[in-house]
Amino acid sequence: MIAACLSCNHFTYTFIMEKAVPTMTPVADAKEGARKILLDNNRGGYTIPSPKLYPFQWNWDSGFIALGLSYFDKYKAFDEIRSMFKGQWSNGMLPHINFHHVDENYYPGPDVWGTKESPWSPQAPATSGITQPPVFGFILQMMAGRMSNDAEFIEFVKEIYPRLVHSHRYLYQNRDPFNEGLVYINHNWESGTDNSPLWDEALDSIDVTRARDVSALRRDLKSVDAGQRPTNENYKRYIYLVDLFKSCNYDDKKIFERCPFLIQDVLFNALLIRSNEALIQLALLIGEDASEIEEWNQKSIHTLNTKCWDEESGFYYDFDLNGNKKIPIKVSNGFMPLFAGACTAQQAEKLKDQLFTSFKNGNYLLCPSCAIDEPSFNPVKYWRGPVWINVNWMLYHGLKRYGFAEEARLVKQNSLELIEQTGFYEYFDPRPEIDQDHRGLGGNYFSWSAALYLDFTLNS
Ligand code: GLC
């Protein structure tokens, strides 16, 4: 069993792993611990998110991981991104999982996805048939902040840039049916925030009597407590959607006509905007014309603010295309326009107020994935309350961008302390009063927690 436990004090802790793992001392060693996780989770060219739970290459994980790797091995960082783009489909879609190798310890694997039959999927590697939030633009731009004088880095940007633009063009051409600049996701797994209460209504509209019972096939419950994971009823619905996409041969037009899950998500679109902005900057670095991206971005920022912003409550909400209505649930996704630089100073002020009213726990500032005053808030359940490091890292950058220096400092400090005291978990109980040994949740030895710990300490 993989676990990390604190022994003695904040400065000495031991990771209990299948392999013998060294005991570490002070903060400098937490950095060493983070580096070690990224190296141990490397599978030759790419890095898995966490042993046991996630044995393949995941899309947005891979972006955060590449940023972490870039601090100590730029070639590994380049390979991480190259490996991700090996799975890119000919229509531009960057899949959410690349199955570079066979591993029976995960469900649903390549056979369930059946993407080989699709005219757009690559020969190899096998991939899933959906995407994840577009992070590679801003990841490359952040690397450029330190490497813009490095000729090998510039060559690398030139190699990846056209593929990245292709992946954004895929979204605008295939996922924006009204040409309004907001793209939809068709599965909760595309959101990255897989079990958020945002998806409940759309998932509930699926008739489970028509869905396969896959509870016996699940592998996640073998290593994580069921109380922290999605229910079996919901897993049926997830696989119902996969089966539907497969029956459409992954043709987005057919999927749009038949899919009960079509949602314009604030986090996904905010990260698209942030990555568009990054591509515009990278274009300057390598002498490309970015006018197409500028047009996309203006439209996206405009529609995010007209369709998803609610002036009365001062928050951003997802939009459900099937129900033709906002989804009025406050989750951490609503803060991501700060990271994207997509809101005005007045909107930013209102968002900061929300952070201090609906999302704050005592004197402690770390954003839970769901507002504490939402009925669906659950401090230990996957994306329904726990703290995620990537979300708080993006929030930190967003707060800083809008001049909330003290709030940003607190988010960073609390993120670092949480990891140093608890371990490199996938997610964490947001309640500071809970014993540190019990705050770490989900998988451990989690790569993006390690990668962003490095970025927090070495860059921000
Ligand atoms: C979970 C998360 C998702 C992540 C994946 C691999 O499914 O919800 O965001 O990409 O794990 O870490």
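For the structure, see preceding data.
No experiment lies behind these values; they were computed from the predicted model shown. (Residues numbered from 1 in each chain as written. Predicted model: local features only at pLDDT ≥ 70, side-chain atom pairs only at ≥ 80, totals over all residues. Heavy atoms only, no water.)

### Considerations on the pattern of salt bridges
Opposite charge on two side chains permits pairing when their charged atoms draw close. On inspection of all chains with the given rule, the structure shows 24 salt bridges. Taking the shortest distance from any N to any O, the salt bridge between R229 and D220 comes out at 2.8 Å. D220 matches R229 in its accessibility class, with the two residues each being buried. Among the ionic contacts, a cluster of salt bridges with common partners joins K74, D150 and E152. (Salt bridge = Lys/Arg side-chain N within 4 Å of Asp/Glu carboxyl O. Buried < 20%, exposed > 50% of the residue type's maximum accessible area, 1.4 Å probe, protein only.)

### Topic: the nonpolar core
Core analysis: the biggest nonpolar cluster contains 152 residues, and F64, F138, M143, F335 and W393 have the highest contact counts within it. Looking at this core, the element that brings in the most residues is helix 12 (residues 266–286), giving 13 residues. Residues within four places of W393 in sequence aside, it is in contact with F64, L67, F138, M142, F339, L452, D455 and F456. (Core = buried A, V, L, I, M, F, W, Y, C linked by side-chain atoms within 4.5 Å. Helix = DSSP H or I, 4+ residues; strand = E, 2+ residues; numbered from the N terminus. Contact = heavy atoms within 4.5 Å.)

### Considering the site of the ligand
The environment of the ligand is formed by 13 residues, the closest being D61, G192, D194, Y382 and W383. Between the ligand and the protein, one listed contact pairs an oxygen atom with a backbone N or O atom of G192 at 2.6 Å. At a separation of 2.8 Å, an oxygen atom of the ligand approaches a polar side-chain atom of W383. Relative to its unbound accessible area of 310 Å², the ligand is 97% covered by the protein chains. (Near = heavy atom within 4 Å. Polar contact = N/O pair within 3.5 Å; in protein donor to acceptor, adjacent residues only side chain to side chain. Areas by Shrake-Rupley, 256 points an atom, 1.4 Å probe, with all protein chains shown as cover.)

### Points about the packing of aromatic side chains
Any aromatic ring pair is given by two values, namely how distant the centres are and how the planes are angled relative to each other. Enumeration according to the criterion identifies 40 aromatic pairs in this entry. Relative to W58, the ring of Y54 lies with its centre 5.2 Å away and its plane at 75°, an arrangement referred to as edge-to-face. Residue classification places W58 among the buried positions, given a relative accessible area of 6%. When the centroid spacing of 6.3 Å and the interplanar angle of 85° are considered together, the rings of Y75 and F78 count as edge-to-face. Of this pair, Y75 and F78 both sit in helix 3 (residues 74–86), 3 residues apart, roughly one helical turn. Directly above the aromatic system of F72 lies the positively charged group of R35, at a separation of 5.1 Å from the ring centroid. (Phe/Tyr/Trp six-rings, centres within 6.5 Å; stacked < 30°, edge-to-face > 60°. Lys NZ or Arg CZ within 6 Å of the ring centre and 35° of its normal.)

### Digging into the sheet that holds strand 11 (residues 325–327)
On the basis of which strands lie adjacent, the open sheet formed by 3 strands has the order 7-10-11 and antiparallel pairing. Here the strands that pair on one side only, and so sit at the sheet edges, are strand 7 (263–264) and strand 11. (Pairing = 2+ DSSP bridges.)

### Looking at a negative patch on the surface
On the surface, a cluster of negative charge is made up of E288, D289, E294 and E295. Inspection of the secondary structure puts E295 in helix 13 (residues 291–308). Taking relative accessible area as the criterion, E295 reaches 58% and is therefore assigned exposed. (Patch = residues over 30% accessible without salt bridge, like charges linked within 9 Å, V, L, I, M, F, W, Y side chains within 5 Å. Lys, Arg positive; Asp, Glu negative; His and termini not counted. Charge placed at Lys NZ, Arg CZ, Asp CG, Glu CD.)

### Notes on the sheet that holds strand 6 (residues 126–127)
Read across the open sheet, the 3 strands follow the order 4-5-6; overall the sheet is antiparallel. Looking at which strands have only one partner, the edges of the open sheet turn out to be strand 4 (57–58) and strand 6. Where strand 5 (residues 97–99) lies against strand 6, 2 bridges are found, and the strand directions are antiparallel. In the strand pairing of strand 6, N98 is matched with T127.

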